[in-house]
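# Coordinate analysis (summary)
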Amino acid sequence: MTATRIDGKAYAAELRRNVADQVAALKRDHDIIPGLAVVLVGEDPASQIYVSSKGKQTVEAGMKSFEHRLPADASQADLLALVGRLNADSSVHGILVQLPLPDHINESEVINAISVRKDVDGFTVANSGRLATGQRAMVPCTPLGCLMLLRDQLGDLSGKEAVVIGRSNIVGKPMAALLTAENATVTVAHSRTKDLPDVVRRAEIVVAAVGRPKMVTGDWIRPGATVIDVGINRTDDGLVGDVDYDSVAGVAGAITPVPGGVGPMTIACLLANTLTACCRANGLPDPEGLTL
Ligand code: NAD
């Protein structure tokens, strides 16, 4: 069997078109332009690339992009003051603080200073609590993108056996919450899980968010399973995921490639969340096809 390749790049392009169409309608009908503020502290090369690409795609979708670059030695107080100003700025509907922050900054204090309504990354305690308790939330972009791909591939996820590998606050935990809300039977595996290959072998849905190149191999996979590879690992062979694509593609029913799978969905979902936050801030209905 050779698995279907899930084309996240194409799906993300369609999602961005949908966002851009609804942004244009918002401007035409209500004279409102969604705005996204991105805060970058320091000069981490990967973060700089992410931030530039977020800014570019925000503008391409017809929204306003505000970039705030602070030096690596910016203080906690500077950062909190900036977040406070952005919270109060009515032209800013979404605020994203690029992680990781330098060691002297208390990351969680800064993230939780972001207004819940502008928290387009969905990383505040308030938003993760809302997601965990089934209330309307801003859903973290990467798991949201994974869920969109899974729904597109499988339709109803109810009763499916899902294994999420990784329990980070950014990917693993919100992914598990989303799959639970979809009525899947969810197992969260992590670094202390015993007999991980046996656990993964039960899964009809596998989401790998670990950060270990090609860890998941074909002999771990239940025939026909759908495999979502969140991993982004820079190796001497270039960018690879957490899944060994070649061996898994021989067993799985469908699989996301790296690059071109989950990665492009993340920024597309950020744009979608910014539009959603803007609609909610203005008392308008949620945009179509962009929320759960
Ligand atoms: P993290 O380091 O915060 O968490 C990794 C998780 O993997 C932990 O919960 C840990 O328990 C688990 N783990 C570590 N070693 C393991 C092992 N041997 N067996 C089983 N579990 C193990 O990472 P993260 O932020 O969740 O990111 C995970 C991966 O996803 C990274 O490669 C990251 O670059 C990538 N990522 C991609 C996107 C995207 O847009 N595609 C977004 C976020 C993260």
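For the structure itself, look to the data block above.
What comes next concerns the included structure. (Residues numbered from 1 in each chain as written. Predicted model: local features only at pLDDT ≥ 70, side-chain atom pairs only at ≥ 80, totals over all residues. Heavy atoms only, no water.)

## Some remarks on the site of the ligand
Taken together, 21 residues lie near the ligand, and Arg167, Ser168, Val230, Ile232 and Thr266 sit nearest. Interatomic distance of 3.1 Å between a backbone N/O atom of Ser191 and an oxygen atom of the ligand. Computed on the free molecule, the ligand has an accessible area of 860 Å², of which 71% lies beneath the protein chains in the complex. Of the residues forming the shell around the ligand, the biggest block, 3 residues, is contributed by helix α10 (residues 262-281). Its residues assigned to classes, the shell around the ligand comprises 9 nonpolar, 10 polar and 2 charged. (Near = heavy atom within 4 Å. Polar contact = N/O pair within 3.5 Å; in protein donor to acceptor, adjacent residues only side chain to side chain. Areas by Shrake-Rupley, 256 points an atom, 1.4 Å probe, with all protein chains shown as cover. Helix = DSSP H or I, 4+ residues; strand = E, 2+ residues; numbered from the N terminus. Nonpolar A, V, L, I, M, F, W, Y, C, P; charged D, E, K, R; others polar.)

## Remarks on the sheet that holds strand β3 (residues 64-70)
Strand order in the open sheet made by the 3 strands is β3-β2-β4, with parallel pairing throughout. Across the chains shown, the open sheet's two edge strands, defined by having one partner strand only, are β3 and β4 (94-97). For this sheet, the mean inter-axis angle between neighbouring strands, taken without regard to orientation, is 15°. Strand direction decides the pairing type here: strand β2 (residues 35-41) and β3, joined by 7 bridges, are parallel. Within β3, the position partnered with Val39 by the bridge is His68. The strands that helix α2 (residues 45-60) touches are β2, β3 and β4; relative to β3, the one it contacts most, it runs at about 160°. (Pairing = 2+ DSSP bridges. Axes fitted to C-alpha atoms, helices over the stretch in contact; angles between N-to-C directions. Contact = heavy atoms within 4.5 Å.)

## Considering the environment of Pro100
Here Pro100 shows up in the loop between β4 and α4 (107-113). The contact partners of Pro100, leaving out residues within four places of it in the chain, are Ser47 and Glu107.

## A look at the side chain of Asn233
Note that Asn233 resides in strand β9 (residues 233-235). Classification of Asn233 as buried rests on a relative accessible area of 7%. A distance of 3.1 Å separates a polar side-chain atom of Asn233 from the backbone oxygen of Gly241. In contact with Asn233, not counting residues within four places along its chain, are Gly211, Arg212, Pro213, Gly238, Leu239, Val240, Gly241 and Asp242. (Buried < 20%, exposed > 50% of the residue type's maximum accessible area, 1.4 Å probe, protein only.)

## Brief notes about the side chain of Glu182
In this structure, Glu182 sits in the loop between α7 (172-181) and β6 (185-189). Residue classification places Glu182 among the buried positions, given a relative accessible area of 16%. In this structure, Glu182 is in contact with Leu147, Arg151, Leu157 and Ser158, ignoring residues within four places of it in sequence.

## Structural notes on the nonpolar core
Side chains that are nonpolar tend, in soluble globular proteins, to be buried together. Counting 53 residues, the largest nonpolar core has Val19, Leu150, Met175, Leu179, Val207, Ile228 and Val230 as its most contacted members. When residues of this core are traced back to their parent elements, those giving at least two are α1 (8-30), β2, α6 (141-154), β5 (161-165), α7, β7 (205-208) and α10. Examining the composition of this core, we find that 11 residues originate from one element, α10, more than from any other. Not counting residues within four places of it along the chain, the set of residues in contact with Met175 comprises Pro143, Cys146, Leu147, Leu150, Val164 and Val207. With 21 residues, the next largest nonpolar core counts Val199, Ala203, Ala208 and Met215 among its residues. (Core = buried A, V, L, I, M, F, W, Y, C linked by side-chain atoms within 4.5 Å.)

## As for α1
With 23 residues, α1 extends 32 Å from end C-alpha to end C-alpha; this agrees with the ideal 33 Å at 1.5 Å per step. Residues of α1 that are buried in the fold lie against α6 and α10. With a side-chain oxygen positioned 3.3 Å from the backbone nitrogen of Lys9, the residue opening α1 is Asp7. Note on α1: the residue one or two positions beyond its end, Asp31, has a positive phi of about 55°. (Expected span 1.5 Å × (residues − 1).)

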